[in-house]
Amino acid sequence: MRMSRRAWAAVAVVLLLVALAAVLLVRRVGNAEADKAAAAPRPALTVTTTTPQATTLPVRLAANGNIAAWQEASIGAEAGGLRITEVRVNVGDRVAKGQVLATFASDTLRAELAQARASVAEAEAAAADAAANAERARSLQATGALSASQIAQYLTAEQTARARVQAAHALFEAQQVRLSQSTVQAPDGGVISARLATVGQVVAPGTELFRLIRQGRLEWRAEVTADELGRLGPGTPATVTAASGAKLAGKVRTLGATVDPQTRIAIVYVDVTPEPGAANGSARAGMFARGEFDLGRTPALTVPQSALVLREGFSYVLRVGPDDRVAQLKVQTGRLAGDRIEITGGLPPDARIVASGAGFLNDGDLVRVVEGAAAPQAGASAANGNGTAR
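Residues numbered from 1 in each chain as written. Predicted model: local features only at pLDDT ≥ 70, side-chain atom pairs only at ≥ 80, totals over all residues. Heavy atoms only, no water.

Working note: α-helix, 3.6 residues per turn, so residues spaced by three or four point in the same direction. Look at helix H2 (residues 107–140): 50 Å from first C-alpha to last across 34 residues, which is about the 50 Å you get at 1.5 Å a residue. Residues of H2 that are buried include every one of Leu 109, Leu 113, Ala 116, Val 120, Ala 123, Ala 127, Ala 130, Asn 133, Ala 134 and Ala 137, and no others. On its buried side, H2 packs onto strand E5 (82–87) and helix H3 (148–180). (Helix = DSSP H or I, 4+ residues; strand = E, 2+ residues; numbered from the N terminus. Expected span 1.5 Å × (residues − 1). Buried < 20%, exposed > 50% of the residue type's maximum accessible area, 1.4 Å probe, protein only. Contact = heavy atoms within 4.5 Å.)

This part takes up the pairing of strand E9 (residues 190–195). The two faces of a sheet get side chains in turn, since along a regular strand they alternate between them. Bridge count for strand E6 (residues 94–95) against E9 is two bridges, and the pairing is antiparallel. Each bridged residue has a counterpart across the sheet, and for Val 95 the counterpart in E9 is Gly 190. Summarising the sheet, E9 and strand E11 (residues 208–214) pair through five bridges and their orientation is antiparallel. Each residue of the ladder has a partner; that of Arg 195, found in E11, is Phe 210. (Pairing = 2+ DSSP bridges.)

Turning next to the sheet that holds E9. If you walk across this open sheet you meet the four strands as E4-E11-E9-E6, and the pairing is antiparallel. Two strands close off the open sheet at either side, each with one partner strand: strand E4 (72–76) and E6.

Two side chains with opposite charge may pair up if their charged atoms get near one another. Under the defined criterion, the tally for this structure stands at 13 salt bridges. Linking Arg 88 and Glu 86 is a salt bridge whose minimum nitrogen-to-oxygen distance equals 3.3 Å. Between Arg 221 and Glu 219 there is a salt bridge; the shortest N-O distance is 2.7 Å. The class of Arg 221 is partly exposed, set by a relative accessible area of 33%. Using a relative accessible area of 1% as the deciding quantity, one classes Glu 219 as buried. Each of the salt bridges in this network shares a partner with another, and the network as a whole consists of Arg 217, Glu 219, Arg 221, Arg 253 and Asp 271. (Salt bridge = Lys/Arg side-chain N within 4 Å of Asp/Glu carboxyl O.)

So, about the side chain of Glu 219. Take Glu 219: it is sitting in strand E12 (residues 218–225). Here the side chain of Glu 219 touches Arg 253 through a polar contact of 2.8 Å, side chain to side chain. Excluding anything up to four places from it in sequence, Glu 219 contacts Asn 66, Ile 67, Ala 68, Ala 69, Trp 70, Arg 253, Tyr 269, Val 270, Asp 271 and Val 272. (Polar contact = N/O pair within 3.5 Å; in protein donor to acceptor, adjacent residues only side chain to side chain.)

So, about the nonpolar core. In this structure, Val 95, Leu 101, Phe 104, Val 184, Ile 192, Leu 209 and Phe 210 are the most contacted members of the largest nonpolar core, which totals 31 residues. Contributions of two or more residues to this core are made by E4, E5, strand E7 (100–104), H2, H3 and E11. Examining the composition of this core, we find that seven residues originate from one element, H2, more than from any other. The residues contacting Phe 104, other than those within four sequence positions of it, are Ala 77, Leu 82, Arg 83, Ile 84, Thr 85, Gln 181, Ser 182, Thr 183, Val 184, Val 203 and Leu 209. Among the nonpolar cores identified, the runner-up in size contains 22 residues, and Val 224, Leu 229, Ala 238 and Val 270 belong to it. (Core = buried A, V, L, I, M, F, W, Y, C linked by side-chain atoms within 4.5 Å.)

Let's shift gears to unusual backbone geometry. Leaving glycine aside, a negative phi is the common case for residues, and trans is the common case for peptide bonds. Phi at Glu 312 is positive, roughly 55 degrees, even though this residue is not glycine. For Glu 312, the location among the structural elements is in the loop between strand E17 (309–311) and strand E18 (314–320).

Look at H2 against H3: their axes get within 8 Å of each other, and the N-to-C directions meet at 165 degrees. In terms of axis orientation, H2 runs roughly antiparallel to H3. Relative to H3, H2 is oriented so that their crossing is left-handed. Class assignment of the residues belonging to the contact of H2 with H3 gives a composition of 21 nonpolar, five polar and nine charged. (Axes fitted to C-alpha atoms, helices over the stretch in contact; angles between N-to-C directions. Parallel < 35°, antiparallel > 145°, perpendicular 65-115°, else oblique. Left-handed = near helix turned anticlockwise from the far one by under 90°. Nonpolar A, V, L, I, M, F, W, Y, C, P; charged D, E, K, R; others polar.)

Next up on the list: the environment of Thr 183. Of note, Thr 183 is situated in strand E8 (residues 183–185). Residue classification places Thr 183 among the partly exposed residues on the basis of a relative accessible area of 26%. Distance in space between the C-alpha atoms of Thr 183 and Val 87 is 10.0 Å, their sequence separation being 96 residues. Apart from the residues within four sequence positions on either side, Thr 183 is in contact with Val 100, Ala 102, Thr 103 and Phe 104. Within the local environment of Thr 183, its side chain forms a polar contact with the backbone oxygen of Ser 180, the two atoms lying 3.3 Å apart.

Turning next to the pairing of E5. Pairing geometry for E5 and strand E10 (residues 202–203), over two bridges, is antiparallel. Each bridged residue has a counterpart across the sheet, and for Leu 82 the counterpart in E10 is Val 203. Two strands pair when backbone bridges link them, and E5 and E7 are joined in this way by three bridges, in the antiparallel orientation. Pairing of Glu 86 across the sheet is with Thr 103, part of E7.

Below, the discussion takes up the environment of Thr 49. Locating Thr 49 in the fold gives a position in strand E2 (residues 49–50). Separated by 302 residues in sequence, Thr 49 and Ala 351 place their C-alpha atoms 9.8 Å apart.

In structure tokens, the structure reads:
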């Protein structure tokens, strides 16, 4: 039996209503799930984590000071009234012990030496004559041919002649010494640090002509406080950097015997030598230099410097909890070692902290932890939909 048109229309309306109800139901379920997803918290940043590392770090004491000559010899003229004829060295020259630095005009000295040599010959001839007379007087003493006074005169003349020979020899030796003083020689090996001698100059005895840094040795005179002085001793190694950039290896030679009562500063004398292969400058006496004394090594707990955040003058790290939320911890810092920094307090040894990017996070933020890979940058995280950097 055929259905009427009205029946077919009724069936079509019912089917349309059923379809419309199904669509509304599906849309309502989707909206509920979307609302639920929107209500869930989103990670603020994708990060990697790290834990503090136990290691040993060097203990160093920093100080400032000047580089100075170990010993600076003053070289002067021993003979006076002589004219300089030649200056053989200049400032900065390295000289050997006994090397001639300057010469004086020696014509007058050679003439005086020749005169002294002639005086010796004359005195020796007179002494020989006096000795012969005295010998004849002794041989005639028993015969009575000469009186006692005459014999005494001959004997006295012999002794006087011998004394004159000795005086002539002494004068000759003095002239030899004076001639040897016509050259100025280096008393020790080293480096010429000052030259006051000029050709044609007539000098007086004791006039300073050169200054010499003995053996070319330099020392660093480090300034340390009275309480730091007790941490140092002879043999303590040091590393010194001069103002020119020269790297010097040093070792404490001695400690200053006194402390300045005004500044409470003591001087530590450090022998320095250029480090092998250091060609980035040269050290000179008078330069300012910074240095560090190596006092050994001690245990330390370190974290990457990138994990540290400075806020309001304090240092913080962000600890990641079991729920992936971060907690801000105030820490105390110590020594630097490359890209790591020592933590002296405020951080448990087993804490899991944000390795980098902590500056974009606040206390209580939710993070997404990526283990074993570098965390994306804050901008990249936001662009990828992983969260927004704060």
